[in-house]
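Take a look at the letters that make up each chain.
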Amino acid sequence: MAGSGRRPEHRGPPELFYDEAEARKYTQNSRVVEIQSQMSERAVELLGLPEDRPCLLLDVGCGSGLSGDYISDEGHYWIGMDISPAMLEVAVEREVEGDLLLADVGHGIPFRPGMFDGCISISAVQWLCNADKKSHNPPKRLYRFFSTLYTALAQGSRAVLQLYPENSEQLELITAQAMKAGFTGGMVVDYPNSAKAKKFFLCLFVGISGTLPKGLGTECADGEEIHQAKFTNERTRFRNTKGKSVKKSRDWILEKKERRRRQGKEVRADTKYTGRKRRPHF
(Lines give C-alpha, C1' and ligand atoms only; values in the text may rest on other atoms or scores of the structure.)
Protein backbone atom coordinates (compact mmCIF):
# COMPACT_ATOMS: atom_id res chain seq x y z
CA MET A 1 0.00 0.00 0.00
CA ALA A 2 2.80 2.31 -0.93
CA GLY A 3 2.53 5.95 0.00
CA SER A 4 2.68 8.51 -2.78
CA GLY A 5 3.59 12.11 -3.21
CA ARG A 6 0.78 12.62 -5.69
CA ARG A 7 -2.95 12.09 -5.76
CA PRO A 8 -3.35 8.41 -6.67
CA GLU A 9 -5.47 7.13 -9.51
CA HIS A 10 -7.25 3.85 -8.87
CA ARG A 11 -5.68 1.42 -11.36
CA GLY A 12 -6.14 -1.82 -9.47
CA PRO A 13 -4.73 -2.97 -6.13
CA PRO A 14 -1.52 -1.25 -4.97
CA GLU A 15 0.50 -4.47 -4.91
CA LEU A 16 -0.08 -4.71 -8.67
CA PHE A 17 0.00 -1.02 -9.53
CA TYR A 18 3.40 -0.56 -7.86
CA ASP A 19 5.31 -3.17 -9.83
CA GLU A 20 9.12 -3.19 -10.05
CA ALA A 21 9.29 -0.58 -12.82
CA GLU A 22 6.76 1.76 -11.18
CA ALA A 23 8.43 1.39 -7.77
CA ARG A 24 11.82 2.43 -9.12
CA LYS A 25 10.41 5.27 -11.22
CA TYR A 26 8.49 6.54 -8.19
CA THR A 27 11.50 6.47 -5.87
CA GLN A 28 13.77 8.20 -8.40
CA ASN A 29 11.34 11.07 -9.05
CA SER A 30 12.89 14.07 -7.29
CA ARG A 31 9.57 15.91 -7.13
CA VAL A 32 7.83 12.94 -5.50
CA VAL A 33 10.70 12.55 -3.03
CA GLU A 34 10.47 16.23 -2.09
CA ILE A 35 6.70 16.15 -1.55
CA GLN A 36 6.93 12.89 0.40
CA SER A 37 9.57 14.39 2.68
CA GLN A 38 7.47 17.50 3.30
CA MET A 39 4.37 15.50 4.17
CA SER A 40 6.38 13.16 6.40
CA GLU A 41 7.82 16.14 8.25
CA ARG A 42 4.34 17.57 8.77
CA ALA A 43 2.93 14.22 9.92
CA VAL A 44 5.72 13.71 12.48
CA GLU A 45 5.23 17.29 13.70
CA LEU A 46 1.51 16.61 14.24
CA LEU A 47 2.39 13.53 16.34
CA GLY A 48 3.61 15.84 19.12
CA LEU A 49 6.34 13.43 20.18
CA PRO A 50 8.29 13.93 23.43
CA GLU A 51 11.45 16.00 23.17
CA ASP A 52 13.73 14.02 25.45
CA ARG A 53 13.83 10.54 23.95
CA PRO A 54 13.72 8.63 20.65
CA CYS A 55 10.43 6.93 19.82
CA LEU A 56 9.34 3.82 17.94
CA LEU A 57 6.93 4.68 15.11
CA LEU A 58 4.82 2.64 12.74
CA ASP A 59 4.83 3.72 9.08
CA VAL A 60 1.70 2.40 7.35
CA GLY A 61 2.19 2.12 3.60
CA CYS A 62 5.91 2.77 3.96
CA GLY A 63 6.65 2.06 0.29
CA SER A 64 10.34 2.41 -0.55
CA GLY A 65 11.12 4.03 2.80
CA LEU A 66 11.05 7.72 1.87
CA SER A 67 9.04 8.63 4.97
CA GLY A 68 11.27 6.38 7.03
CA ASP A 69 14.31 8.38 5.93
CA TYR A 70 12.84 11.45 7.61
CA ILE A 71 11.91 9.49 10.74
CA SER A 72 15.49 8.19 11.00
CA ASP A 73 16.92 11.65 10.43
CA GLU A 74 14.83 12.90 13.36
CA GLY A 75 16.44 10.34 15.64
CA HIS A 76 13.55 7.89 15.88
CA TYR A 77 13.12 4.22 15.05
CA TRP A 78 10.43 2.77 12.81
CA ILE A 79 8.79 -0.30 11.41
CA GLY A 80 7.19 -0.05 7.99
CA MET A 81 4.29 -2.04 6.56
CA ASP A 82 3.44 -2.23 2.86
CA ILE A 83 1.51 -4.52 0.55
CA SER A 84 3.83 -4.01 -2.45
CA PRO A 85 6.79 -6.44 -2.63
CA ALA A 86 8.39 -4.27 -5.33
CA MET A 87 8.32 -1.18 -3.13
CA LEU A 88 9.80 -3.05 -0.17
CA GLU A 89 12.52 -4.49 -2.41
CA VAL A 90 13.56 -0.96 -3.34
CA ALA A 91 13.58 -0.05 0.36
CA VAL A 92 15.92 -2.97 1.07
CA GLU A 93 18.22 -1.91 -1.76
CA ARG A 94 18.29 1.63 -0.38
CA GLU A 95 19.39 0.23 3.00
CA VAL A 96 16.76 2.07 5.01
CA GLU A 97 17.20 1.96 8.77
CA GLY A 98 13.71 0.71 9.63
CA ASP A 99 12.38 -2.84 9.78
CA LEU A 100 10.04 -3.83 6.95
CA LEU A 101 6.95 -6.04 6.88
CA LEU A 102 5.06 -7.23 3.79
CA ALA A 103 1.43 -7.10 4.85
CA ASP A 104 -2.07 -5.92 3.95
CA VAL A 105 -3.12 -3.52 6.71
CA GLY A 106 -6.73 -4.29 5.82
CA HIS A 107 -6.09 -7.58 7.65
CA GLY A 108 -4.99 -5.70 10.75
CA ILE A 109 -1.84 -4.49 12.51
CA PRO A 110 -0.01 -7.61 13.81
CA PHE A 111 1.92 -6.14 16.74
CA ARG A 112 1.59 -6.45 20.49
CA PRO A 113 -0.53 -3.93 22.43
CA GLY A 114 1.01 -0.55 23.22
CA MET A 115 4.14 -1.23 21.15
CA PHE A 116 4.32 2.04 19.22
CA ASP A 117 4.74 5.63 20.37
CA GLY A 118 2.99 6.88 17.25
CA CYS A 119 1.98 6.09 13.70
CA ILE A 120 2.22 7.98 10.43
CA SER A 121 0.91 7.12 6.99
CA ILE A 122 1.44 9.07 3.77
CA SER A 123 -1.12 8.70 0.97
CA ALA A 124 -2.04 5.11 1.78
CA VAL A 125 -5.21 4.75 3.86
CA GLN A 126 -7.56 5.68 0.99
CA TRP A 127 -6.59 2.41 -0.74
CA LEU A 128 -8.63 0.57 1.91
CA CYS A 129 -11.79 2.17 0.49
CA ASN A 130 -11.39 0.17 -2.74
CA ALA A 131 -12.97 -3.26 -3.18
CA ASP A 132 -10.21 -4.76 -5.35
CA LYS A 133 -11.32 -8.32 -4.59
CA LYS A 134 -14.73 -9.92 -4.14
CA SER A 135 -13.85 -10.63 -0.53
CA HIS A 136 -13.05 -6.97 0.19
CA ASN A 137 -15.54 -5.06 2.29
CA PRO A 138 -14.18 -1.50 2.71
CA PRO A 139 -15.97 -0.65 6.00
CA LYS A 140 -14.87 -3.94 7.58
CA ARG A 141 -11.29 -3.57 6.31
CA LEU A 142 -11.09 -0.01 7.60
CA TYR A 143 -12.47 -1.04 11.00
CA ARG A 144 -10.04 -3.96 11.22
CA PHE A 145 -7.17 -1.60 10.44
CA PHE A 146 -8.19 1.10 12.91
CA SER A 147 -9.16 -1.24 15.77
CA THR A 148 -5.87 -3.14 15.66
CA LEU A 149 -3.91 0.10 15.17
CA TYR A 150 -5.57 1.50 18.29
CA THR A 151 -4.43 -1.55 20.26
CA ALA A 152 -0.85 -1.37 18.91
CA LEU A 153 -0.42 2.27 19.98
CA ALA A 154 0.59 3.35 23.48
CA GLN A 155 -1.94 5.22 25.59
CA GLY A 156 -1.67 8.96 25.05
CA SER A 157 -0.05 8.57 21.62
CA ARG A 158 -1.28 9.72 18.21
CA ALA A 159 -1.67 8.47 14.66
CA VAL A 160 -1.39 10.98 11.81
CA LEU A 161 -2.63 9.68 8.48
CA GLN A 162 -2.21 11.86 5.39
CA LEU A 163 -4.67 10.82 2.71
CA TYR A 164 -6.26 11.79 -0.60
CA PRO A 165 -10.02 11.20 -0.27
CA GLU A 166 -11.84 10.88 -3.59
CA ASN A 167 -14.97 12.51 -2.20
CA SER A 168 -16.72 13.55 1.02
CA GLU A 169 -18.40 10.15 1.38
CA GLN A 170 -15.02 8.40 1.41
CA LEU A 171 -13.73 10.86 3.98
CA GLU A 172 -16.76 10.25 6.20
CA LEU A 173 -16.34 6.48 5.89
CA ILE A 174 -12.70 6.60 6.97
CA THR A 175 -13.38 8.97 9.87
CA ALA A 176 -16.41 7.00 11.07
CA GLN A 177 -14.49 3.71 11.23
CA ALA A 178 -11.64 5.38 13.12
CA MET A 179 -14.03 6.76 15.73
CA LYS A 180 -15.84 3.42 15.95
CA ALA A 181 -12.50 1.79 16.78
CA GLY A 182 -12.05 4.10 19.80
CA PHE A 183 -9.99 6.99 18.43
CA THR A 184 -10.78 10.62 19.11
CA GLY A 185 -9.50 13.53 17.07
CA GLY A 186 -10.37 14.74 13.61
CA MET A 187 -9.19 16.12 10.32
CA VAL A 188 -6.45 18.75 10.06
CA VAL A 189 -6.51 20.47 6.67
CA ASP A 190 -3.45 22.43 5.58
CA TYR A 191 -3.93 25.26 3.07
CA PRO A 192 -7.68 24.60 2.65
CA ASN A 193 -8.07 27.43 0.09
CA SER A 194 -5.36 26.13 -2.26
CA ALA A 195 -6.19 23.61 -4.97
CA LYS A 196 -2.61 22.30 -5.20
CA ALA A 197 -1.25 22.70 -1.66
CA LYS A 198 -4.34 21.44 0.20
CA LYS A 199 -3.53 18.39 2.33
CA PHE A 200 -5.70 16.24 4.61
CA PHE A 201 -4.22 14.81 7.81
CA LEU A 202 -6.42 12.57 9.96
CA CYS A 203 -5.06 13.25 13.45
CA LEU A 204 -6.14 10.55 15.91
CA PHE A 205 -5.66 10.33 19.68
CA VAL A 206 -5.38 7.15 21.75
CA GLY A 207 -6.99 7.17 25.19
CA ILE A 208 -7.15 10.95 25.46
CA SER A 209 -9.16 13.81 23.99
CA GLY A 210 -6.37 16.11 22.89
CA THR A 211 -6.66 19.51 21.27
CA LEU A 212 -6.72 19.16 17.51
CA PRO A 213 -3.79 21.06 15.93
CA LYS A 214 -4.60 23.94 13.58
CA GLY A 215 -4.04 23.52 9.88
CA LEU A 216 -1.40 25.56 8.11
CA GLY A 217 -2.53 28.36 5.86
CA THR A 218 -5.81 29.05 7.65
CA GLU A 219 -6.95 32.65 8.02
CA CYS A 220 -6.67 32.76 11.80
CA ALA A 221 -3.48 30.74 12.11
CA ASP A 222 -0.74 33.23 11.17
CA GLY A 223 0.72 33.30 14.66
CA GLU A 224 0.35 29.53 14.96
CA GLU A 225 2.32 28.96 11.76
CA ILE A 226 5.23 31.00 13.08
CA HIS A 227 5.14 29.18 16.40
CA GLN A 228 5.10 25.76 14.73
CA ALA A 229 7.99 26.62 12.44
CA LYS A 230 10.02 27.92 15.36
CA PHE A 231 9.25 24.83 17.41
CA THR A 232 10.35 22.55 14.57
CA ASN A 233 13.59 24.44 14.00
CA GLU A 234 14.60 24.66 17.64
CA ARG A 235 13.94 21.12 18.82
CA THR A 236 16.98 18.90 19.35
CA ARG A 237 16.56 15.16 19.58
CA PHE A 238 18.99 12.71 21.09
CA ARG A 239 19.53 9.16 19.98
CA ASN A 240 19.62 6.40 22.55
CA THR A 241 22.75 4.66 23.76
CA LYS A 242 23.37 2.60 20.60
CA GLY A 243 26.27 4.82 19.65
CA LYS A 244 24.19 7.25 17.63
CA SER A 245 25.23 10.87 17.58
CA VAL A 246 23.48 14.01 18.78
CA LYS A 247 21.49 15.58 15.96
CA LYS A 248 23.27 18.31 13.92
CA SER A 249 26.67 17.44 15.38
CA ARG A 250 29.61 16.73 13.06
CA ASP A 251 29.37 12.98 13.69
CA TRP A 252 25.61 13.03 13.03
CA ILE A 253 26.12 14.87 9.73
CA LEU A 254 28.85 12.45 8.64
CA GLU A 255 26.63 9.47 9.47
CA LYS A 256 23.78 10.97 7.46
CA LYS A 257 26.03 11.71 4.47
CA GLU A 258 27.42 8.18 4.51
CA ARG A 259 23.89 6.74 4.57
CA ARG A 260 22.98 8.92 1.58
CA ARG A 261 26.03 7.66 -0.29
CA ARG A 262 24.99 4.04 0.32
CA GLN A 263 21.60 4.93 -1.15
CA GLY A 264 23.29 6.12 -4.34
CA LYS A 265 22.66 9.83 -3.82
CA GLU A 266 25.07 12.61 -4.67
CA VAL A 267 26.67 14.01 -1.52
CA ARG A 268 29.26 16.73 -1.08
CA ALA A 269 32.73 15.57 -0.10
CA ASP A 270 33.68 15.68 3.60
CA THR A 271 36.00 18.52 4.60
CA LYS A 272 37.32 20.07 7.80
CA TYR A 273 34.39 22.49 7.58
CA THR A 274 31.74 19.76 7.63
CA GLY A 275 29.42 20.32 10.58
CA ARG A 276 31.15 23.55 11.63
CA LYS A 277 28.81 26.20 12.97
CA ARG A 278 28.85 29.46 11.07
CA ARG A 279 29.05 32.82 12.74
CA PRO A 280 25.80 34.80 12.68
CA HIS A 281 25.53 37.54 10.07
CA PHE A 282 24.56 41.02 11.20
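Not measured: the values here are computed from a predicted model. (Residues numbered from 1 in each chain as written. Predicted model: local features only at pLDDT ≥ 70, side-chain atom pairs only at ≥ 80, totals over all residues. Heavy atoms only, no water.)

A. Up close: the overall build of the protein chain. Looking only at helices and strands, the protein chain has nine helices and seven strands in total. A total of 282 residues make up the protein chain; the buried ones form 50% of that total. A sequence separation of at least 24 residues applies to 67% of the contacts in the protein chain between residues at least 6 apart. (Helix = DSSP H or I, 4+ residues; strand = E, 2+ residues; numbered from the N terminus. Buried < 20%, exposed > 50% of the residue type's maximum accessible area, 1.4 Å probe, protein only. Contact = heavy atoms within 4.5 Å.)

B. Geometry of the packing of aromatic side chains. Applying the stated criterion across every chain, the model contains four aromatic pairs. On the basis of an interplanar angle of 80° and a centroid distance of 6.2 Å, the ring pair of Phe-146 and Phe-183 is categorised as edge-to-face. Of this pair, Phe-146 sits in helix α6 (residues 138-152) while Phe-183 sits in the loop between α7 (168-180) and β6 (184-190); the two residues are 37 residues apart in sequence, bridging distant segments of the chain. Among the residues examined, Phe-146 registers a relative accessible area of 0% and is labelled buried. In this structure Phe-183 comes out as buried when scored by relative accessible area, which is 3%. Ring centres of Tyr-150 and Phe-183 lie 5.1 Å apart, and the angle between their planes is 80°; on these two criteria the pair is classed as edge-to-face. Note that Tyr-150 is positioned in helix α6 and Phe-183 in the loop between α7 and β6, a separation of 33 residues in sequence. In this structure, Lys-180 is placed above the aromatic ring of Tyr-143, and the distance from its NZ or CZ to the ring centre is 4.9 Å. (Phe/Tyr/Trp six-rings, centres within 6.5 Å; stacked < 30°, edge-to-face > 60°. Lys NZ or Arg CZ within 6 Å of the ring centre and 35° of its normal.)

C. Up close: the environment of Phe-200. With respect to the helices and strands, Phe-200 occurs in strand β7 (residues 199-205). The exposure class assigned to Phe-200 is buried, which follows from its relative accessible area of 16%. Spatially, the C-alpha atoms of Phe-200 and Ser-123 are 9.5 Å apart, while their sequence positions differ by 77 residues. Other than its neighbours up to four places away in sequence, Phe-200 contacts Leu-161, Gln-162, Leu-163, Pro-165, Leu-171, Met-187, Val-188 and Val-189.

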